[in-house]
Each structure stands twice: as C-alpha cells, then as structure tokens.
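Breakdown of the fold
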Amino acid sequence: MRVALIVFVATFTSVLAARAESTTTREDSPESPPARYLLGLSIASGPEYEGARTRETKLRPVWAAKLGRVRITTGGGSALLGFGREGAGAGASAQLIDTDRLRLGISARIDGGRESNDASTTRGLPDVRRTLRARLYANYSLTKDWNVGASASQDVLGRRGGLTFSLDTGWRFYRSATTEWTSGIGVSAASGLNMRSYFGVPASASAASGKPAYEPGAGLRDVNVGINFKHALSKHWFVFGGAGASRLLGPAADSPLVEKPGGSSASIGVAWRN
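Structural notes, computed from the coordinates. Just so you know, these numbers come straight off a predicted model, no measurement behind them. (Residues numbered from 1 in each chain as written. Predicted model: local features only at pLDDT ≥ 70, side-chain atom pairs only at ≥ 80, totals over all residues. Heavy atoms only, no water.)

As a further point, take the sheet that holds strand β3 (residues 70–73). Strands sit in the order β1-β2-β3-β4-β5-β6-β7-β8-β9-β10-β11-β12 around a closed barrel of 12 strands; the barrel is antiparallel. Across this sheet, the average inter-strand angle for adjacent strands is 20°, counted without regard to direction. Across 12 bridges, the pairing between strand β9 (residues 179–190) and strand β10 (residues 219–232) is antiparallel. Within β10, the residue paired with T182 across the bridge is N228. Contacts from helix α3 (residues 192–199) reach β5 (102–111), β8 (163–175), β9, β10 and β11 (237–248), with the element oriented near 75° to β10. (Pairing = 2+ DSSP bridges. Helix = DSSP H or I, 4+ residues; strand = E, 2+ residues; numbered from the N terminus. Axes fitted to C-alpha atoms, helices over the stretch in contact; angles between N-to-C directions. Contact = heavy atoms within 4.5 Å.)

Quick look at the pairing of β8 now. Judged from the nine bridges that link them, strand β7 (residues 146–155) and β8 form a sheet pairing that is antiparallel. When the sheet's bridge partners are listed, S153 is paired in β8 with T164. Where β8 and β9 come together, 11 bridges link them in antiparallel fashion. When the bridges of β9 are listed, G170 appears paired with G184. Counted between consecutive antiparallel strands, the loop separating β8 from β9 contains three residues.

Moving on: the packing of aromatic side chains. With the rule as written, the count across this model stands at six aromatic pairs. Ring geometry for W171 and F173: centres 5.4 Å apart, planes at 45°, overall tilted. Look at F238 and F240: their rings are 6.1 Å apart centre to centre, the planes differ by 50°, and that puts the pair in the tilted class. The exposure class of F240 is buried, given its relative accessible area of 7%. A connected cluster of aromatic rings, assembled from ring pairs, spans W146, W171, F173, W181 and F229. Seen from the ring of Y198, R221 lies directly overhead, with NZ or CZ sitting 5.8 Å from the centre. (Phe/Tyr/Trp six-rings, centres within 6.5 Å; stacked < 30°, edge-to-face > 60°. Buried < 20%, exposed > 50% of the residue type's maximum accessible area, 1.4 Å probe, protein only. Lys NZ or Arg CZ within 6 Å of the ring centre and 35° of its normal.)

Right, here's the structure in full:
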C-alpha cells in the first residue's frame, strides 16, 4: 500500500506540474541546475506525542529534490534547499501560481497516522491508519524577508484524518554570505473528525486506555513559534538546526490524553546539496 501511495503522489504532482507550466509567471533562473537535490541527517528531540510529558530523541533522514516544477521533500527539506518560503511542506508538490510575491500550489503527502502503543499516553486507543493527504497552500511575501502563509490539508482516503488548517508568518532576520537565521509563528485548527482521531477517547476504549471518554469537536489545535538557522561549511556542505515551542489550544488542550499542553523541540543536522 505504501508503494502504491508513493507512485500515486509522484504521478499526481507530475500532472499538476505540467499544467502549471502554462500558468507560471516566473521562470526558473537560467543559471540553476536542471535538477536540485539535498541529502542529510538530523537529530531531533521533542514530546513523544502532542501533549505528552515524556520526550524522545530520534535520528532522522532529511532530503529534498526539485526537477522542473515538481518538488519532493521530507519535512524541513524544502527550506534547506531554498524553496521553503513557498509553503509546500513535506511530500510532493507543484506550483500553480508563482510570482515574485505570490505562490499558490497543491501538494500530496503520506500521513503516517498513529500507532497508539508507541506512546504511553495513547496506549489502549484505536490506531489512526496511514493515509494520503492533499494540501492547498498559499504564501505571500510582504517584503523580501517577511512572508505570510495559509494552508488546508484533507485526508483524501477517508481514514479519519479529517481536515486541518494553518496560518503562519515567517521573518528572515539575518542573512550573510554563509549564514541565515529565520523565525516564525503559526496557529492551526482542525475538524471534529481530526480532533476525535488524535485527541478523542471513544467510550469503547475508555476501560482499555484508563482515560475517560472524550469526544471533541472542531476548533483551534495549537499555536507554535520557532527559530531556525543554516550555515554553509563549503560550497556543498552545511549545518542547520532550530528550536521551537508550541501550546495546544481549544478541544485539543482539553483532552484527557494531554499531560502537558505546552511543549518544546530542538534539532540539529548536517546536509549536502548540489
């Protein structure tokens, strides 16, 4: 199933990219290589689950690739390769509108869902199945260093992933020939289905999980702030990292699964790009 989803995502965005060719108003820079890619590794620390007190540290691969107007990335890879401000996020994406100020596009990614036994706070609850999410995103540059963005993401396979929304703004406050620092703040909301899947406790699972039954509705999900950097070590090698904090809001914060509504995360890594 996972292989089939990956093939679908790649085909889906290739078709979109072909259509985007006729609507794009800004061509790629002629000196840019026809294909761009990045490979790296990072170590990240954060809560084992949203709202958990227990933390976990993981080693994660980071990669990104761009061929024409098709981009395929892991989370964070797009920003490291230089097109993070467009707001496409992880997965496969294609730009539909691409001007100096406005970027509008659509993307698709595999959502890993939730293995409930992986975290102490969710043991005994139903798993959330792996699914495919489609995302519409827009980003607008107020200045060359300040941008605002919005997105909506929907579970297109009907596996109880629901719909999520986000609004965010980013600011590049320092840039030199080798180093860049950025910061951002954002807020997200979710449909009742998404809230029930990730923060709800079905009555049928109350005894097994040891948590009271809880059926949240739609509402705000969280607010987050972060700061990130990247520093070139040579023409191809660079280090990167960041730190952030978030706080659950609304029905998510009221969930009996939540031990600590506020959380923090940090990561650092190294990568190579062509």
